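Take a look at the letters that make up each chain.
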Amino acid sequence: RRRHTRSLCDWSSDVCSSDLLCAKSANFIFHDGQELPCAQLEAMAATRGSIILQWKTLKVETAKAFRNAKCQPTLWLDSLPDDSARAIALSTAPEISVQVHHIGEAAAEALAQYEGSLHFEFCNYGSFEDTNGHVILLRRLIKDASDFYSLRQQCLGLRVARVLAESLVKELNIDVSSLSFSAYEMLAQYKGKLSITVAEISASEMKRILDSANDNAAIEILVSRWDEQLVAAIGSCRSGDRKSTRL
């Protein structure tokens, strides 16, 4: 029998529970379909390594196995159920990373209550929605970020834009495929360094965000497609010495 208690490995072929109970540090990765008994997962979680779960979803029984964890769980999921998020929030793990395609309002609010270091992001342009739960989670993430926060969204709602604009983080990096006029105006009130990457934007949208930007803001706008109208709109916007705008 092979022993690989310090490597990314397949639980069924490489290690047994006796190895895990003795190991001080171990790293494990499980893909979708590679499920294991909760007792064995708890033994793994007791080590000071990392556990990566690449699953479609996380069952509440599995989430509870991390309640007394010393490891650093990384969860790559399609979705995170509400009960599982509540269980994860009670974990004693020092750090948890979560990447999901979708998270509901209740699950987002529950995850925000986790007391350790939380790393959260959407994959494939998932988005924070304009719900109480999503706003609570976003506020928590920005507060933890302190100096810099990066957000990738399909679209940006007004409540989410307001949270970003009112944040005290020194620098924001926002990557969106589309953004409403109202969200643009809200973001323009942000007082730190703002970088916006947008897939496509019209000349009128560009002129409006530049004209409404806070005079003390440092704005960087990255656009995928340029045309003559867009260049003309940039040239016609108000741009005094007080404003720093880089395109």
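In case you missed it, the structure is sitting above this.
Residues numbered from 1 in each chain as written. Predicted model: local features only at pLDDT ≥ 70, side-chain atom pairs only at ≥ 80, totals over all residues. Heavy atoms only, no water.

Among the nonpolar cores identified, the biggest contains 67 residues, and Phe-120, Phe-128, Tyr-149 and Leu-164 are the most heavily contacted of them. Looking at this core element by element, the count peaks at five residues for helix α7 (residues 132-145). Apart from the residues lying within four places of it in its own chain, the contact partners of Tyr-149 are Phe-128, Leu-138, Leu-141, Ile-142, Leu-164, Val-169, Glu-171, Leu-172 and Asn-173. (Core = buried A, V, L, I, M, F, W, Y, C linked by side-chain atoms within 4.5 Å. Buried < 20%, exposed > 50% of the residue type's maximum accessible area, 1.4 Å probe, protein only. Helix = DSSP H or I, 4+ residues; strand = E, 2+ residues; numbered from the N terminus. Contact = heavy atoms within 4.5 Å.)

This paragraph deals with the packing of aromatic side chains. Under the definition given, this model contains three aromatic pairs. A ring pair is formed by Phe-120 and Phe-128, whose centres lie 5.8 Å apart and whose planes are at 45 degrees; its orientation type is tilted. Taking relative accessible area as the criterion, Phe-128 reaches 4% and is therefore assigned buried. Taking the centre distance of 5.0 Å and the plane angle of 85 degrees together, the rings of Phe-122 and Phe-128 count as edge-to-face. (Phe/Tyr/Trp six-rings, centres within 6.5 Å; stacked < 30°, edge-to-face > 60°.)

This part takes up the pairing of strand β2 (residues 50-55). In terms of residue burial, β2 counts as a mostly covered element, since five of its six residues are buried. Judged from the five bridges that link them, strand β1 (residues 27-31) and β2 form a sheet pairing that is parallel. For Ile-29, the partnering residue across the bridge sits in β2 and is Ile-52. In this sheet, strand β3 (residues 72-80) lies alongside β2 in parallel orientation, the contact comprising six bridges. Note on β3: the bridge partner recorded for Gln-54 is Trp-76. (Pairing = 2+ DSSP bridges.)

Taken as a whole and judged by the stated rule, the model has three salt bridges. The salt bridge partner of Asp-83 is Arg-86, with a shortest N-O separation of 2.7 Å. Here Asp-83 and its partner Arg-86 are both found in helix α5 (residues 82-89), three residues apart, which amounts to about one turn of the helix. Salt-bridge contacts for Asp-144 lead to Arg-140; the nearest nitrogen and oxygen are separated by 2.5 Å. Placement of both Asp-144 and Arg-140 in helix α7 is noted, with a separation of four residues, approximately one turn of the helix. (Salt bridge = Lys/Arg side-chain N within 4 Å of Asp/Glu carboxyl O.)

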